[in-house]
Structures are given as structure tokens and as C-alpha cells.
Amino acid sequence: MSRLKIILLIIGLSANLVYAEENAESSVESDIISTLANDSSRNFIDVEPSPITVVVKKAPEPLVIGLALGGGAAKGFAHIGVIKALEENHIKAQVITGTSAGSLVGSLYAYGYTPLQLQKISYQMDELNLADFTFSRDGVIKGTRLQQFVDARVKNTPLQKLKTKFTAVATDLDTGQSIGFNNGDTGIAVRASCSIPNVFMPVQMNNHRYVDGGLSAPVPVSYAKKEGANFIIAVDISAKPEQGRSGYLSNFDQTINILSVKLLAEQLKQADVVIHPDITSLSSFSFDKKQEAIDIGYKAAMVQMPLIKQKIAQWQKLHNNN
């Protein structure tokens, strides 16, 4: 074989080797691309992250006990007995609302007086030293003495600065709407709430005339809710006098009760517990039976105490188990 043929043969073999190597590399690349394209488990584009579940634990809801005290003039001393029973069982209201007699007792309790102190103060209350009689077609009692009595006992502390959040409920005589006072002079708010029409003169404030809150909210449960209470104990002392009794005072009691039946039901259905002291032996003007009224209130609350504690425990379990 000539030298020229040998050289050409070597060049030809080299070219074939290069071509084979290039084809091999191209084949490998093609295989890799084909594998990646066909392998769904190797999706390197638009990969969605696994969802992360964030658990937000709800903070426990604090129990806010409201005490709604109804109207009933002298029968309102029963509220003191109820408060005594609650305190003995370590049940303390953070919100207090009161209508009429309930506003009187409630304001003093909200100021910070203990049940024993309230009982002592009650002995100073009677229709003679609280009534300032007058001759007027709007009423026979001004109510100024009642206002002064309250302001003196709370040392002129305004409503918004009482130790416990408190609202006194009255009725706008011209519109019939109820109004809750929780700011300003405590004495005048209580006076307005207690101003029985045609007995007390209406209280004039801001071009409005205000009278007894019992005409619009006999037991002010709704106002306790407005002030943030989420567990409300209502005290209803509006029971009618004993059957068969007659006379001006008994008839007056009965008239007020009849007028407020529907309003009373609307309020009480919003309460968690309703205490009904059996005050059928008392009238709205039984100022000489203070201790009897206090004892009746205490007894009624103690009878309800197991239910009150049970419902409070149920409320806490329901609202604090997350």
C-alpha cells in the first residue's frame, strides 16, 4: 500500500471517530431532554408550595356580670338583700343598671358601699326625710331632697367616676322613650329615674322632662348589655300586691304593673337569670318594712344561687374552651 493511501485511510478513520462521538453526544442530550419532558415527577417549572395551615387560637372571652335592678319604690330595699347574697357567694357585678328604686340602690352600690353599709343607709330613708312636698299640677314632691341625699352619700361623685360602671334609667315624658344616664350628676339621674308621674315633679334637663324609668324599662337588662355585660342577673320586684287588697296605694301598684307587663317581659327575656323576690306582702310605700324587704331579697337570691353558679360555669366553659 502506498504511503498516500495509508495517509488517506488514517484521515478517514479520524473523521468517522469524530462523527461517531458527535452523534453519541447528540443522542445522549436528546435522551436527557426526552426523559425530562416525559417525566412528570420532575416538573421544575411552576412548582406550587404545599399549603401551610395557620391555627389562630382565640383569646378567652372575659366574663362580665351585669346586675339589672328593677323599680318598685319601697320594695326596692329587697335589692340590698340580693346584693348581700351575691357578695357572700363571691359574685360581683362589673356593670350595674337601675330603674327607679333600683337606680337608688344601684348608685350607692356602684359607689362602693358594702351590703352592710347599704342596710344602714336604708334606715335613713323614709318618705318624710326624702320628700319635699309642694303644690304643683305636675306633682306633689319636688325630688330635690332625694337628689341631695344621693349626692351626699356618693360625695358628689359623677356617674362616670363611680367604682362600678353604672346606668340610671329614666323615661322622656314627651316622647315615651327610655334613656340611660351614665355621665354627669349622680343625684339628678337617680331623681329622674325615681320620679313617679303625678307624685314627683318631672326632672327638667336639656329641654326634656324625665320621669320614672319603670314606664319604659321596668328592669333595665338591655342597658346592662349596652354597657358590655355578657351574663346578666335581673331582679324583678314588680309583683302585684296580695289579691283582695284595695285602696289607693294598692291600686296604684297594680296600675303600674299592668302598664309595664309587655315591657317587663321584653327586658327579662334578655337576662340569663331572673330573681323574683316574693314581695306580695309589701306595697310601693312600705317604708316601715325595710328589713323585711331586705330579708325577702336575700332569701330569693339564695334560692337561685345554685342555678346562678351553674349558669356561670356553663358560660365560662362555652366561651373559654377553644
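Small disclaimer: the values here were computed from a predicted structure and weren't measured.

1. As for unusual backbone geometry
Okay, so step 1: Despite not being glycine, Ala73 has its phi angle at roughly 50°, a positive value.
Okay, so step 2: Within the element layout of this structure, Ala73 appears in the loop between strand 1 (65-69) and helix 2 (78-88).
Okay, so step 3: Classification of Ala73 by relative accessible area gives partly exposed; the value is 23%.
Okay, so step 4: In the Ramachandran plot, Lys155 falls in the positive-phi region, its phi being about 55° despite a non-glycine side chain.
Okay, so step 5: By the secondary structure assignment, Lys155 is in the loop between helix 6 (144-153) and strand 5 (165-172).

2. A few points about helix 2
Okay, so step 1: Buried residues dominate helix 2, accounting for eight of its eleven residues.
Okay, so step 2: Those residues of helix 2 that sit buried are Ala78, His79, Ile80, Gly81, Val82, Ile83, Ala85 and Leu86.
Okay, so step 3: Tucked into the core, helix 2 has its buried residues touching strand 1, helix 3 (101-111), helix 4 (115-122), strand 9 (231-235), strand 10 (273-275) and helix 11 (290-320).
Okay, so step 4: Of the residues trailing helix 2, His90 is marked for its positive phi of about 60°.

3. Here we look at the packing of aromatic side chains
Okay, so step 1: The full count for this structure, using the stated rule, is two aromatic pairs.
Okay, so step 2: Seen from their ring centres, Tyr111 and Tyr113 are 5.2 Å apart, and the 45° between their planes marks the pair as tilted. As far as the burial class goes, Tyr111 and Tyr113 line up, both buried.
Okay, so step 3: Taking the centre distance of 5.3 Å and the plane angle of 85° together, the rings of Phe181 and Tyr210 count as edge-to-face. With Phe181 in strand 6 (residues 178-181) and Tyr210 in strand 8 (residues 208-212), this residue pair connects regions lying 29 residues apart in the sequence.

4. A few points about the side chain of Ser107
Okay, so step 1: Relative to the elements of secondary structure, Ser107 occurs in helix 3.
Okay, so step 2: Judged by its relative accessible area of 0%, Ser107 is buried.

5. Section: the environment of Pro202
Okay, so step 1: Residue placement: Pro202 occurs in the loop between helix 7 (186-194) and strand 7 (203-205).
Okay, so step 2: C-alpha of Pro202 to C-alpha of Gly143: the two residues are 59 residues apart in sequence and 8.8 Å apart in space.
Okay, so step 3: Excluding residues within four positions of it along the chain, Pro202 makes contact with Asp138, Leu173, Arg209, Tyr210 and Val211.

6. As for the nonpolar core
Okay, so step 1: Counting 66 residues, the largest nonpolar core has Leu67, Ile233 and Ile308 as its most contacted members.
Okay, so step 2: For this core, the element with the highest residue contribution is helix 11, accounting for nine residues.
Okay, so step 3: For Ile308, the contacting residues outside a window of four places in its chain are Leu86, Ile91, Phe231, Ile233, Val273 and Ile275.

7. Examining helix 10 (residues 261-268)
Okay, so step 1: Among all positions in helix 10, only Leu264, Gln267 and Leu268 are buried. Taken around the axis of helix 10, the buried residues stretch over an arc of 90°, which confines them to a single face.
Okay, so step 2: For helix 10, the secondary structure elements touched by its buried residues are helix 8 (221-226), strand 9 and strand 10.

8. Topic: the environment of Asp132
Okay, so step 1: Relative to the helices and strands, Asp132 resides in the loop between helix 5 (127-130) and strand 3 (133-136).
Okay, so step 2: A relative accessible area of 10% places Asp132 in the buried class.
Okay, so step 3: When the C-alpha positions of Asp132 and Arg145 are compared, they lie 6.2 Å apart, and in sequence the two are 13 residues distant.
Okay, so step 4: A distance of 3.0 Å separates the side chain of Asp132 from the backbone nitrogen of Thr144, its partner in a polar contact.
Okay, so step 5: Within polar-contact distance, the side chain of Asp132 engages the backbone nitrogen of Arg145 at 3.0 Å.

9. Some words on the side chain of Asp132
Okay, so step 1: Buried and without a salt bridge, Asp132 has Arg145 as its closest oppositely charged side chain, separated by 5.1 Å.
Okay, so step 2: Not counting residues within four places of it along the chain, the set of residues in contact with Asp132 comprises Val140, Ile141, Lys142, Gly143, Thr144 and Arg145.

10. Some thoughts on the packing of helix 2 against helix 11
Okay, so step 1: For the pair helix 2 and helix 11, interaxial distance at closest approach is 6 Å and the crossing angle is 40°. On the basis of their axis angle, the class for helix 2 and helix 11 is oblique. In this structure, the crossing between helix 2 and helix 11 has a hand that is right-handed. Of the residues in helix 11, those in contact with Ala78, Ile80, Gly81, Val82, Lys84, Ala85, Leu86 and Glu88 of helix 2 are Ala293, Ile294, Gly297, Tyr298, Ala301, Met302, Met305 and Ile308.
Okay, so step 2: A per-class count over the contact of helix 2 with helix 11 returns twelve nonpolar, two polar and two charged.

11. Structural notes on the pattern of salt bridges
Okay, so step 1: Counting across every chain of the model gives two salt bridges.
Okay, so step 2: Lys92 serves as the salt-bridge partner of Glu87, at 3.0 Å between the closest nitrogen and oxygen.
Okay, so step 3: Across the pair Asp174 and Arg209 runs a salt bridge, and its minimum N-O distance is 2.7 Å. On the criterion of sequence distance, the pair formed by Asp174 in the loop between strand 5 and strand 6 and Arg209 in strand 8 is long-range, its members being 35 residues apart.
Okay, so step 4: Residue classification places Asp174 among the partly exposed residues on the basis of a relative accessible area of 48%.

What counts, and at which threshold
- Residues numbered from 1 in each chain as written.
- Predicted model: local features only at pLDDT ≥ 70, side-chain atom pairs only at ≥ 80, totals over all residues.
- Heavy atoms only, no water.
- Helix = DSSP H or I, 4+ residues; strand = E, 2+ residues; numbered from the N terminus.
- Buried < 20%, exposed > 50% of the residue type's maximum accessible area, 1.4 Å probe, protein only.
- Contact = heavy atoms within 4.5 Å.
- Phe/Tyr/Trp six-rings, centres within 6.5 Å; stacked < 30°, edge-to-face > 60°.
- Core = buried A, V, L, I, M, F, W, Y, C linked by side-chain atoms within 4.5 Å.
- Arc of directions from axis to C-beta.
- Polar contact = N/O pair within 3.5 Å; in protein donor to acceptor, adjacent residues only side chain to side chain.
- Lys, Arg positive; Asp, Glu negative; His and termini not counted.
- Salt bridge = Lys/Arg side-chain N within 4 Å of Asp/Glu carboxyl O.
- Axes fitted to C-alpha atoms, helices over the stretch in contact; angles between N-to-C directions.
- Parallel < 35°, antiparallel > 145°, perpendicular 65-115°, else oblique.
- Left-handed = near helix turned anticlockwise from the far one by under 90°.
- Nonpolar A, V, L, I, M, F, W, Y, C, P; charged D, E, K, R; others polar.

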